[in-house]
Amino acid sequence: MQNKKMTKKTRLSFSAVSIEDKKQENKISVPNTTPGATSGENKTNRSIGPRTPNRKRLQKSSTYQYSKFGKRRGAQNSVGSSGKSMANRNNGEKIPDPAPGNIRIIPLGGVEEIGKNMTAVEIGDDIIVIDAGMHFSTEETPGVDYVIPNTTYLEERKDKIRALIVTHGHLDHIGGVPLVLSRIGNPTVYSRNLSVLMMRKRATEFPQLPPMKENIVEKDSTITCGKIKVRFFGVTHTIPDSMGIIIETDKGWIVTPGDYKLDQVDGIVSKEEEEEYSIFDKAKVLLLLTDSTNIENEGFSLPEVKVHQGLENLIRKVSGRMIIAAFASHITRLAHIVKFAESLGKKIALDGRSMKTNIEVAIEAKLFEPKKGTVIPLEEINNYPPNKVVILMTGAQGEEFASLNRAANKTHTKFTLHKGDTIILSASVVPGNELQVQKMKDGLTRQGVRIISYRTSGEDFIHATGHGNQEDIKWLHRKTHPQFFIPIHGWHSMLVRHKELAMELGMSEENIVVPDNGSIIEISADGKKISMRKERAPSGAMMVDGVSISDTQDVVIRDRKMLAEDGMFVIIALIDQKTGKLKKSPDLISRGFVYLKENQELLRQVRMMIKKTVEDSTARIPGRTDGNQIDFDHIKNGLGETVSKFLYQQTAKRPLVIPVILSV
Ligand SMILES: [Zn+2]
Ligand SMILES: [Zn+2]
């Protein structure tokens, strides 16, 4: 029985196979299944009968399309992204509640990656969630709009969630907020003013969701979430109103600063900063969770004030028009540029949606109040002398549709570059964007403009990271002197490097846990031990793709990757119900695979193969003698397997083969 069922399952239509079959594999590995189901490929072979000579292979490989078979074998050494998120699931195992007195910490996103930060802290009956970020699609998730953390663990414990506390207004901390809130019971969101405004803006993109219950706090506020007292402290970052979080427990404080760097010059930390962190001088810090983004960079981070000075110098001395492309998220810097340009009597034009939105929000938050007439529409820049205009643009990463790139390839409808313009790329190149930035720079150079990037030697500083380097990080560790430590925000190798740094500073190894997304970490009731449980919270990324959100889109993503790599091959076969033979020569459609016109011989062979496969399988259907029934799924599988294998042998390509069977 079990075997029969299994066979049926593997015969689902092609694009649906993967998930179903994976689940099936999971089930098989559960020890309590009937012996027949677990033990026997032989038995499987026999009970299924003579349909396919190679039953075993069909059963396994039908997880993927047959065309994926070769790839699959190769892929076993590395972990494919789809395989990984599957493995991350907990196989339905129930995760027990924390034992009385234990504190549980679960990084649900932001480790094993940079982006989509989210951490849950569970104490007694209360859960506090910290941040709910997103990251944009990568080549791992082609076509997906963006990715948010997996909320399954929280969804199953909605009634315990007391708050979502947000450290600051960057998308890797707030981008998932509207969607996450709607999934975890819409708890109150606590954050500082600008961050709340940024979240409100973000929420306007999801008008269908219930309104956010917000509570604006100050850096010296104290709130109570369930039985837990929480307080905050101010940190320096590239966006104002960034704050760290302190969760008070009977064993000491749990501290996370969010993203931070130190306000320092030449290693001398400013008085304000020292004062802000002085709350830790006499505190017992039980646990520190902190950012590992720049753990590989030596020294202190370049202070933002140096960048401000550099940009001021340039704005003062450049004689023509000045175009500054920067991250729209670096609101502190943008605000400074606007204020400084205004002080020199220059006009500011904004271009790019996120640039306009973020400046709007900053003005709404009263971070600065430009005089009327300082900010002008882009269309009006030509009404002013070139040296009286500064244009702030998006697109320092060469993003295809961002303003600066459109200017570079002359597709900008409202703006053209002039000889003598100066372009300042006030940003580092995010790894992976090098080529597109280079192409953009070429496009700009061809138009006779001057480019100053953060690497241009002899120029002032025009960019600095928002994250602390090694010395900032060491300073924070010394200042907070934690008993336990969990490195977060970064790829695994960065977290391990961060652990080593903590050990160099004197922490012992057993007091540090390097987490993966979904790791369940507990501090014992006596406060003496930190450990990772064997169970894991589900952590497969939730992909937001158009209107759907799901962690089970591996099939879709896999298909997109296959299409991108090897194209598709569609077989349309028309079968005569009575005879079981093909009515006519099958139609073949190929996209992104081979050019059909030049591969006539290949096509001829494929057609013959289709004919033979169809007729062999219709002849062999036992049902045909009594009910005259043709098993279309069976034929489809047979065709998919045979043809994709053949195409692979002939071309070394593995197109997505889609057999379509019609009958008359
Ligand atoms: Zn940030
Ligand atoms: Zn961040």
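Above this note sits the structure.
Residues numbered from 1 in each chain as written. Chains lettered and ligands numbered in written order. Predicted model: local features only at pLDDT ≥ 70, side-chain atom pairs only at ≥ 80, totals over all residues. Heavy atoms only, no water.

Novice: I'm lost on the overall build of the protein chain in this one. Help?
Specialist: A count of helical and extended segments in the protein chain gives 23 helices and 29 strands. A separation threshold of at least 6 residues defines the contact pool for the protein chain, and within that pool the share at least 24 residues apart is 73%. (Helix = DSSP H or I, 4+ residues; strand = E, 2+ residues; numbered from the N terminus. Contact = heavy atoms within 4.5 Å.)

Novice: How should I be thinking about helix 19 (residues 492–504) in this particular structure?
Specialist: Since there are 3.6 residues in each turn of an α-helix, residues three or four apart along the chain are aligned in direction. Helix length check: helix 19, at 13 residues, gives a terminal C-alpha distance of 18 Å against a target of 18 Å (1.5 Å per residue), a fit within 8%. The first or second residue beyond helix 19 is G506, which carries a positive phi of 110 degrees. (Expected span 1.5 Å × (residues − 1).)

Novice: Looking at this model, I keep getting lost on the sheet that holds strand 16 (residues 322–326). Mind explaining?
Specialist: Whether parallel or antiparallel, the strands of a sheet pair through hydrogen bonds between backbone atoms. The strand order 18-17-19-16-20-21 describes an open sheet built from six strands, whose pairing is parallel. The open sheet terminates on both sides in strands that have one partner only, identified here as strand 18 (375–376) and strand 21 (450–453). Each of strand 16, strand 17 (347–351) and strand 19 (389–393) is contacted by helix 15 (residues 353–364), which is oriented at about 125 degrees to strand 17, the strand it contacts most. (Pairing = 2+ DSSP bridges. Axes fitted to C-alpha atoms, helices over the stretch in contact; angles between N-to-C directions.)

Novice: When you look at the environment of E500 in this model, what are you seeing that I'm missing?
Specialist: In this fold, E500 is placed in helix 19. On the basis of relative accessibility, which here comes to 38%, the residue E500 falls in the partly exposed class. On a C-alpha basis, the gap between E500 and I512 in space is 9.6 Å, while along the polypeptide they are twelve residues apart. (Buried < 20%, exposed > 50% of the residue type's maximum accessible area, 1.4 Å probe, protein only.)

Novice: Is there a simple way to think about the coordination of the zinc ion (ligand 2) in this case?
Specialist: Listed as protein donors to the zinc ion (ligand 2) are D172 (OD), H173 (NE2) and D259 (OD); their distances from the metal cover 2.1 to 2.2 Å. The distance between the zinc ion (ligand 2) and the zinc ion (ligand 1) comes to 3.5 Å, with D259 serving as a donor to both metals. Taken as a pair, D172 and H173 share a single burial class, namely buried. (Donors = N, O, S within 2.8 Å, 3.2 Å for Na, K, Ca; no water.)

Novice: Whenever I open this one, the nonpolar core confuses me. Can you help?
Specialist: Where a protein is soluble and globular, its nonpolar side chains tend to be buried together. Counting 64 residues, the largest nonpolar core has L154, V177 and L392 as its most contacted members. A per-element tally of this core places helix 14 (residues 331–343) first, with seven residues. Ranked by size, the runner-up nonpolar core spans 32 residues in total, among them I103, L287, I486 and I530. (Core = buried A, V, L, I, M, F, W, Y, C linked by side-chain atoms within 4.5 Å.)

Novice: Hey, could you run me through unusual backbone geometry in this one?
Specialist: The phi angle of most residues is negative, glycine excepted, and most peptide bonds adopt the trans form. The backbone of E112 shows a phi angle near 65 degrees, a positive value even though the residue is not glycine. Mapped onto the elements of the fold, E112 is located in the loop between strand 1 (103–109) and strand 2 (118–123). By relative accessible area, which is 18% here, E112 ends up buried. Phi is positive for H489, close to 50 degrees, though the residue is something other than glycine.

Novice: Is there a simple way to think about the sheet that holds strand 27 (residues 568–575) in this case?
Specialist: Here three strands make up an open sheet; going across it, the order is 28-27-29 and the pairing mixed. Across the chains shown, the open sheet's two edge strands, defined by having one partner strand only, are strand 28 (587–591) and strand 29 (656–663). Ignoring strand direction, the axes of neighbouring strands in this sheet form an average angle of 15 degrees. Where strand 27 lies against strand 29, eight bridges are found, and the strand directions are parallel. The residue of strand 29 that forms the bridge with F569 is V657. Each of strand 27 and strand 29 is contacted by helix 23 (residues 632–651), which is oriented at about 145 degrees to strand 29, the strand it contacts most.

Novice: Please clarify how the coordination of the zinc ion (ligand 1) should be interpreted in this entry.
Specialist: For a metal with four tetrahedral donors the ideal donor-metal-donor angle is 109.5 degrees, while six octahedral donors give ideal angles of 90 or 180 degrees. Here the zinc ion (ligand 1) is held by H168 (NE2), H170 (ND1), H237 (NE2) and D259 (OD), and the distances to it run 2.1 to 2.3 Å. Because the angles between the four donor atoms bound to the zinc ion (ligand 1) fall within 88 to 165 degrees, the donor set is best described as irregular. Donor residues binding the zinc ion (ligand 1) come from one chain and are separated in sequence as H-x1-H-x66-H-x21-D. (Tetrahedral: all angles 85-135°; square planar, octahedral: opposite > 155°, others 65-115°.)

Novice: Explain the pairing of strand 12 (residues 252–256) to me, please; I cannot follow it from the model alone.
Specialist: The side chains of a regular strand alternate between both faces of the sheet. Here strand 12 lies mainly inside the structure; five of its five residues are buried. The pairing of strand 11 (residues 243–249) with strand 12 spans five bridges and is classified as antiparallel. Its bridge partner lying in strand 12, E248 is registered against W253. Relative to strand 15 (residues 285–291), strand 12 is paired through three bridges, and the arrangement is parallel. Residue I254 lies in a different strand from strand 15, and its bridge partner there is L287.

Novice: Help me understand the pattern of salt bridges, please; the structure alone is not making it clear to me.
Specialist: Proximity of charged atoms lets side chains of opposite charge pair with each other. Taken as a whole and judged by the stated rule, the model has 34 salt bridges. With its nearest N and O atoms 4.0 Å apart, the salt bridge here joins R316 to E312. In this pair, R316 and E312 both sit in helix 13 (residues 304–317), four residues apart, roughly one turn of the helix. Here R316 falls in the partly exposed class, since its relative accessible area comes to 48%. The partner of E471 in a salt bridge is K474, and the shortest N-O contact between them spans 3.2 Å. Taken together, the positions of E471 and K474, both in helix 18 (residues 470–480) and three residues apart, correspond to about one turn of that helix. Classification of E471 as partly exposed rests on a relative accessible area of 26%. Assessed through its relative accessible area of 18%, K474 is described here as buried. Because the salt bridges share partners, they merge into one network encompassing R104, E522, R533, K534 and E535. (Salt bridge = Lys/Arg side-chain N within 4 Å of Asp/Glu carboxyl O.)

Novice: Got a minute to help me understand the side chain of Q264 in this structure?
Specialist: The topology assignment puts Q264 in strand 13 (residues 264–265). By relative accessible area, Q264 is classed as buried at 3%. Among the polar contacts made by the side chain of Q264, one reaches the main-chain carbonyl oxygen of S301 at a distance of 2.8 Å. (Polar contact = N/O pair within 3.5 Å; in protein donor to acceptor, adjacent residues only side chain to side chain.)

Novice: Could you clarify how one ought to interpret the pairing of strand 21 in this entry?
Specialist: Examined bridge by bridge, strand 20 (residues 422–426) and strand 21 share four bridges and lie parallel to one another. Note that in strand 21 the partner of I424 across the bridge is I452. Once the chain exits strand 20 it traverses helix 17 (residues 434–445) before rejoining the sheet at strand 21, and the crossover so formed is right-handed. (Right-handed = clockwise from strand over helix to strand, strands pointing away.)

Novice: Can you walk me through the packing of helix 13 against helix 14 in this structure?
Specialist: Two measures define how a pair of helices packs: the angle their axes make with one another and the distance between the axes. Between helix 13 and helix 14, the least distance of the axes is 10 Å, while the angle of their chain directions is 35 degrees. The handedness of the crossing between helix 13 and helix 14 is right-handed. On helix 14, the residues touching E304, V307, H308, L311, E312, I315 and R316 of helix 13 are T332, R333, H336, I337 and F340. (Left-handed = near helix turned anticlockwise from the far one by under 90°.)

Novice: I would appreciate a short explanation of the side chain of H237 in the present structure.
Specialist: In this structure, H237 sits in the loop between strand 10 (228–234) and strand 11. The exposure class of H237 is buried, given its relative accessible area of 8%. Residues in contact with H237, not counting those within four places in the same chain, are H168, H170, S242, D259, Y260, T332, G466 and H467.

Novice: What's the story with the packing of aromatic side chains in this structure? I'm lost.
Specialist: Each pair of aromatic rings is reported with the distance of its centres and the angle of its planes. One pass over the full model with this rule turns up six aromatic pairs. Relative to Y277, the ring of F233 lies with its centre 5.6 Å away and its plane at 65 degrees, an arrangement referred to as edge-to-face. In this pair, F233 sits in strand 10 while Y277 sits in helix 12 (residues 271–277), placing the two residues 44 residues apart along the sequence. On the basis of relative accessibility, which here comes to 0%, the residue Y277 falls in the buried class. Here the aromatic rings of Y277 and W475 are separated by 5.0 Å at their centres, their planes lie at 85 degrees, and the arrangement is edge-to-face. Taken together, the residues span a long stretch of sequence, with Y277 in helix 12 and W475 in helix 18 at a distance of 198 residues. Comparing Y277 with W475 shows no difference in burial state: the two are buried. Ring pairing ties together the aromatic residues F233, W253, Y277, F280 and W475, which thus form one cluster. Of note, R157 hangs over the ring of Y153, and the distance from its end group to the ring centre comes to 3.7 Å. Directly above the aromatic system of Y146 lies the positively charged group of R202, at a separation of 5.1 Å from the ring centroid. (Phe/Tyr/Trp six-rings, centres within 6.5 Å; stacked < 30°, edge-to-face > 60°. Lys NZ or Arg CZ within 6 Å of the ring centre and 35° of its normal.)

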